[in-house]
Amino acid sequence: MPPPPTQAGTLSTRFTTRFGVPHPILLAPMGTVAGGALASAVTAGGGLGQIGVGYGDRAWLEREFARAGHARVGCGFITWKLAAEPGLLDAALEHRPAAVTLSFGKPSEFAPRVHDAGIPLICQVGTAEEARQALDVGADVVVAQGGEGGGHGVRRRSTLTLLPEVVDLVAASGRDVPVLAAGGISDGRGLAAALVLGADGVMVGTRFWACREALIAGEAQARAVGASGDDTLPTTVYDRVRGYTWPPGYTSRVLATPFVRRWHGRDGELAAALPELREQYRRAAAANDYDVAQILVGEGIGVVDAVRPAAEVVEGLVRDAVAALHAAAPQGPTGSRCRGAVSASEVVP
Ligand SMILES: Cc1cc2nc3c(=O)[nH]c(=O)nc-3n(C[C@H](O)[C@H](O)[C@H](O)COP(=O)(O)O)c2cc1C
């Protein structure tokens, strides 16, 4: 049954059709931030929610799927981390998620199990080469992640150039695989731009991080909301201090806290001070002290005006994207302008 139109208008794409959702918006599987409450709220708002397992364990996964209740949600993994605890994938598949997203690592080890379970496989990629690998393993959706985004990434490309290149690469393969954009999309203008660049939708992290349902301290959100994208930077400081062994080439985009400003680019000094810094970080994280503890947000934080309920964010993204598309093409956006968006119509209230 086609999803009902909403007050926000409709943006129908291959993604909305494939997943049977009203809006082309996928919640990024933000590790231990996107729990069951946020995932189910995004789904209830008309997008598709995902639980971000990240560094979580089996108990965390089970708790968050329980919190999602009967909502249709997907879940996502950090691929290199999953390799250390592969049983987590089986645990997730038992919940029959709407999709499984694999990011940051080679998906080939896990793709067959996802396919065998009959679950759509989403691969997040940071380069054109990774997009080819995603197609090779039979990804059902490819997410092109630019370096503007919050959290981890290879950060070698921007969304503006990577996205159309991946769209063309997928089209040239002859495969009917929707492409989503990720990285720096925090409002309707970003969604509209992604559709114009040929995307079938967007995967959004930072804007949903600043939602009431996110598993994140209010103190962190209060610090980040109102910050500029200028106040973020990609760094390895927090991974090193927390002892997370990310593969070479990955950085995480964070808000520039006093702690990061102190240690970013001082690798030798940081290595020497590591035991004390670990202890300082542990205490700060437990006390929600965000002069020290990390705040993972992307450049898109610069257009985030307030912490809002996730459903309101979904509705605002779509409403403002439809308005932006109409403003850019006063005769009305059409499928010929947007490869991904097969139709966009405004519902007059
Ligand atoms: C707080 C936070 C945690 C993240 N954790 C993960 C993760 O565990 N796995 C993953 O695939 N992506 C993760 N990401 C990256 C997102 O999947 C996505 O690429 C990014 O959020 C998109 O850019 P945006 O933040 O500008 O929306 C995270 C992003 C943020 C902001």
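What counts, and at which threshold
- Residues numbered from 1 in each chain as written.
- Predicted model: local features only at pLDDT ≥ 70, side-chain atom pairs only at ≥ 80, totals over all residues.
- Pairing = 2+ DSSP bridges.
- Helix = DSSP H or I, 4+ residues; strand = E, 2+ residues; numbered from the N terminus.
- Axes fitted to C-alpha atoms, helices over the stretch in contact; angles between N-to-C directions.
- Contact = placed C-beta atoms within 7 Å.
- Core = buried A, V, L, I, M, F, W, Y, C linked by C-beta atoms within 7 Å.
- Buried ≥ 20, exposed ≤ 12 C-beta atoms within 10 Å, placed from the backbone.
- Domains from an automatic or database assignment.
- Expected span 1.5 Å × (residues − 1).
- Arc of directions from axis to C-beta.

Asks: For this particular structure, what's the right way to read the sheet that holds strand β6 (residues 121–125)?
Replies: Within a sheet, neighbouring strands are paired by backbone hydrogen bonds and run either parallel or antiparallel to one another. One open sheet holds the eight strands; their spatial order is β2-β10-β9-β7-β6-β5-β4-β3, and the pairing between them is parallel. With partners counted over all chains shown, the strands left at the sheet margins are β2 (25–27) and β3 (49–52), one partner each. Averaged over all pairs of adjacent strands, the angle between strand axes in this sheet comes to 25°, irrespective of strand direction. In this structure, β3 lies alongside strand β4 (residues 73–78), joined through four bridges in parallel fashion. Bridging from a neighbouring strand, Q50 pairs with G74 of β4. Strand contacts of helix α8 (residues 159–172): β6, β7 (141–145) and β9 (179–182), with the helix running at about 155° to β7, the strand carrying the most contacts.

Asks: Just to check I follow, could you spell out the nonpolar core for this structure?
Replies: Counting residues in hydrophobic clusters, the biggest one holds 107 residues, and the most contacted among them are L38, V142, A144, L180 and V202. Take this core: its biggest share by element is nine residues, from helix α15 (residues 310–328). A domain split of this core shows at least three residues from each of domain 1 (10–214 + 304–345) and domain 2 (219–300). With sequence-adjacent residues up to four places away left out, V142 is seen in contact with C123, V125, A131, A134, V166, V170, V177 and V179.

Asks: So what exactly am I meant to see when it comes to α8 here?
Replies: Under the 1.5 Å per step criterion, the end-to-end length of α8 is 19 Å for 14 residues, consistent within 8% with the ideal 20 Å. Burial in α8 covers these residues: T159, L162, L163, V166, V167 and V170. In an axial view of α8, the angular spread of the buried residues amounts to 130°, which keeps them on one side of the axis. Residues of α8 that are buried sit in contact with β6, α7 (128–136), β7, β9 and α9 (188–196). Remark: G174 follows α8 within two positions and exhibits a positive phi of approximately 80°.

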